[in-house]
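# Report on the structure
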Amino acid sequence: MELYKLTVHEAHELLTKKQITSVELTRSVLERIAQVDPTIRAYITVTPDLALEQAQRVDEKLAKGERVSPLAGIPIAVKDNICTKGVRTTCASRILENFVPPYDATVARQLRALDAVIVGKTNLDEFAMGSSTENSAFFPTRNPRDVERVPGGSSGGSAAAVAADIAIAALGSDTGGSVRLPASFCGVVGLKPTYGRVSRYGLVAFASSLDQIGPLTKDIADCALVMNGIAGYDRMDSTSLPEPVPDYTKALVPDVRGLRVGVPREYFVAGIEPGVEKAVRGAIDRLVALGAQVGETSMPHTKYALAAYYIIAPAEASTNLARYDGIKYGFSTRDATDMLDGYFKTRQQGFGPEVKRRIMLGTYALSAGYYDAYYLKAEKVRTLIKHDFDEAFQKFDVLVAPTAPTVAFKIGERMANPMAMYLTDIFTLTANPAGVPALALPCGQVEGLPVGLQIFGKPLGEETLLRVGYALEQAH
Ligand code: GLN
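In short, a report on the structure.

What counts and what doesn't
- Residues numbered from 1 in each chain as written.
- Predicted model: local features only at pLDDT ≥ 70, side-chain atom pairs only at ≥ 80, totals over all residues.
- Heavy atoms only, no water.
- Helix = DSSP H or I, 4+ residues; strand = E, 2+ residues; numbered from the N terminus.
- Rg over C-alpha atoms; globule rule 2.2 N^0.38 Å.
- Buried < 20%, exposed > 50% of the residue type's maximum accessible area, 1.4 Å probe, protein only.
- Expected span 1.5 Å × (residues − 1).
- Polar contact = N/O pair within 3.5 Å; in protein donor to acceptor, adjacent residues only side chain to side chain.
- Pairing = 2+ DSSP bridges.
- Phe/Tyr/Trp six-rings, centres within 6.5 Å; stacked < 30°, edge-to-face > 60°.
- Near = heavy atom within 4 Å.
- Areas by Shrake-Rupley, 256 points an atom, 1.4 Å probe, with all protein chains shown as cover.
- Axes fitted to C-alpha atoms, helices over the stretch in contact; angles between N-to-C directions.
- Contact = heavy atoms within 4.5 Å.
- Arc of directions from axis to C-beta.

Before going further, it helps to examine the overall build of the protein chain. Along its length, the protein chain carries 15 helices and 11 strands. Relative to a compact globule of 476 residues, whose C-alpha radius of gyration would be 23 Å, the protein chain shows 21 Å and is just as compact. Dimensions along the principal axes, computed over C-alpha positions, put the protein chain at roughly 65 × 55 × 45 Å. Scored against the burial criterion, the 476 residues of the protein chain give a buried share of 61%.

Laid out in structure tokens, this is it:
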């Protein structure tokens, strides 16, 4: 049996029935990595020894008949902007190339506490800034569905790892679409949870008011299982929500009868590929057939979201990235003449072009005289975007839209044109300023390339998203 192909829930069942061991499962995934990752390049760091030690411990527990968690013994990949104690965490940046965190992010600690097997750290756009994983300072990742194409970004390594069966599940981070877009391009499931649902402690900050960690998985049931593992209050994250965490697997009921589904017309605009629209409309028709009540709605401020996002996210990034000064940790230039020169050269040599672009945009937007015109205005637009969601959720339980206007594009195609790259996230980057959860799941193909459906939910409405996703998955 090709164990690496298993889902989390399938592997858990076989482990607890003692039909396989975690060491066998982990070996199978590690061998597959050795075989396909030289082409895909999903991983920056693979940790085979740590993984096998952890697998061994789980097998001992299972042999003793101990009860184990649904994630126990399961090989999981973690995006390389999530701190892992003792394991290099680079953010795909030269400036953190040799950074080994002295602590675990809360999500990494949770995975370890549940006996998950962390197999490695996945590639991303540098500091999660990008939509294709081509902004990695090390190498681009390739889309397993077509290796000439990008896997999406910025969690491209995590999505590609799941799609290529070189991780059973993975964690990514989503500031404007970085879990959902690569999920869509690679044909896997990705969830951006409600802001505050999953702890951000130990996630290297990009735009703190937007960042959220989420799962990338092979199916909806696995998404629920990973959420059960990582959701919840954390006193180490001041934006963490205190609300109790439901058992997300209880939402795995294929029933959407009577559910009110809104279709915002601003998400079906010029620029969307006809095949993508057709696949998304097909999924909407399936929801109707399953008994959902579908209606059109309008979210009039959607057209300002991209502009507002590209003020707010760079503004926050410019302050968050001020800490990389070559003094406390990370890369430090060797040829400084004095302290100031050291700061300049460290940052010149340590950051890539997209990161520098964001720092400049953000610093400009926050500077005296421009703050009101740009940053403050963008924050007001953010409130209007949130308002659009509040209004729509008065009438509907969920909203459906495409995840991206196109399928995965060719490597190199958008690198020369930052605006074309930014437009890739046009449909995803509304959820982050509004703080609402959003799920991406496969809903069809265009010439063999996956199309992602996106479902937005009310704050803390993850269960409803999973229910809709499950119903569609079961019906497909
Ligand atoms: N592509 C968007 C950006 O570059 C979103 C990235 C993300 O969600 N981390 O900012």
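The terminal C-alpha atoms of helix H10 (residues 339-350) lie 16 Å apart, and with 12 residues this matches the ideal 16 Å at 1.5 Å per residue to within 8%. The residue sitting at the N-terminus of H10 and contributing the capping side-chain oxygen is Asp 338; that oxygen lies 3.2 Å from the backbone nitrogen of Leu 340.

A few words on the pairing of strand E9 (residues 398-402). Most of E9 is tucked away, with 5 of its 5 residues classed as buried. The pairing of strand E7 (residues 260-264) with E9 spans 2 bridges and is classified as parallel. Its bridge partner lying in E9, Val 261 is registered against Val 398. Sheet topology places E9 next to strand E11 (residues 449-457); 5 bridges connect them, and they run antiparallel. Bridge pairing links Ala 401 to Gln 454 in E11.

Under the definition given, this model contains 17 aromatic pairs. Aromatic pair Tyr 324 and Phe 351: ring centres 6.3 Å apart, planes at 90°, arrangement edge-to-face. Placement of Tyr 324 in the loop between helix H9 (305-320) and H10 and of Phe 351 in the loop between H10 and helix H11 (353-366) is noted, with a sequence separation of 27 residues between them. For the pair formed by Tyr 324 and Phe 351, the shared burial category is buried.

Take the site of the ligand next. Around the ligand, the structure places 15 residues, and the nearest of them are Gly 176, Ser 178, Tyr 309, Arg 358 and Asp 425. The backbone of Gly 177 places a nitrogen or oxygen atom 3.2 Å from an oxygen atom of the ligand. Here an oxygen atom of the ligand and a side-chain polar atom of Arg 358 are 2.7 Å apart. When the ligand is considered free in solution it has 290 Å² of accessible area, and contact with the protein chains removes 100% of it.

So, on to the sheet that holds strand E6 (residues 212-217). If you trace the 11 strands from one edge of the open sheet to the other, you get E1-E3-E2-E4-E6-E5-E10-E11-E9-E7-E8, paired in mixed fashion. Lying at the two open borders of the sheet, with one neighbouring strand each, are strand E1 (43-46) and strand E8 (293-297). Here the average twist between neighbouring strands, direction ignored, is 30°. Along the sheet, helix H8 (residues 274-289) contacts E7, E8, E9, strand E10 (438-446) and E11; its crossing angle with E10, the most-contacted strand, is approximately 115°.

Turning our attention to the pairing of strand E2 (residues 75-79). Buried residues dominate E2, accounting for 5 of its 5 residues. Neither face of E2 is left uncovered, since the one carrying Pro 75, Ala 77 and Lys 79 and the one carrying Ile 76 and Val 78 both have all their residues buried. With 5 bridges joining them, E2 and strand E3 (residues 117-122) adopt parallel strand pairing. Its bridge partner being in E3, Lys 79 is matched across the sheet by Thr 122.

It is worth spelling out H11 at this point. Taking 1.5 Å per residue as the helical rise, H11 with its 14 residues ought to reach 20 Å, and the 20 Å between its terminal C-alpha atoms agrees with that figure. Three or more residues of H11 are buried, namely Glu 354, Val 355, Arg 358, Ile 359, Gly 362 and Ala 365. All buried residues of H11 lie within an arc of 140° about the axis, which places them on one face of the element. Turned more than 90 degrees away from the buried face of H11 sit Pro 353 and Met 360, all of them exposed. On its buried face, H11 sits against H9, H10, helix H12 (372-395) and helix H13 (418-423).

Attention shifts here to the environment of Ile 311. Checked against the element boundaries, Ile 311 lands in helix H9. Measuring from C-alpha to C-alpha, the distance between Ile 311 and Gly 435 comes to 17 Å, with 124 residues separating the pair along the chain. Not counting residues up to four positions away in its chain, the partners in contact with Ile 311 are Ala 365, Tyr 374, Tyr 375 and Ala 378.

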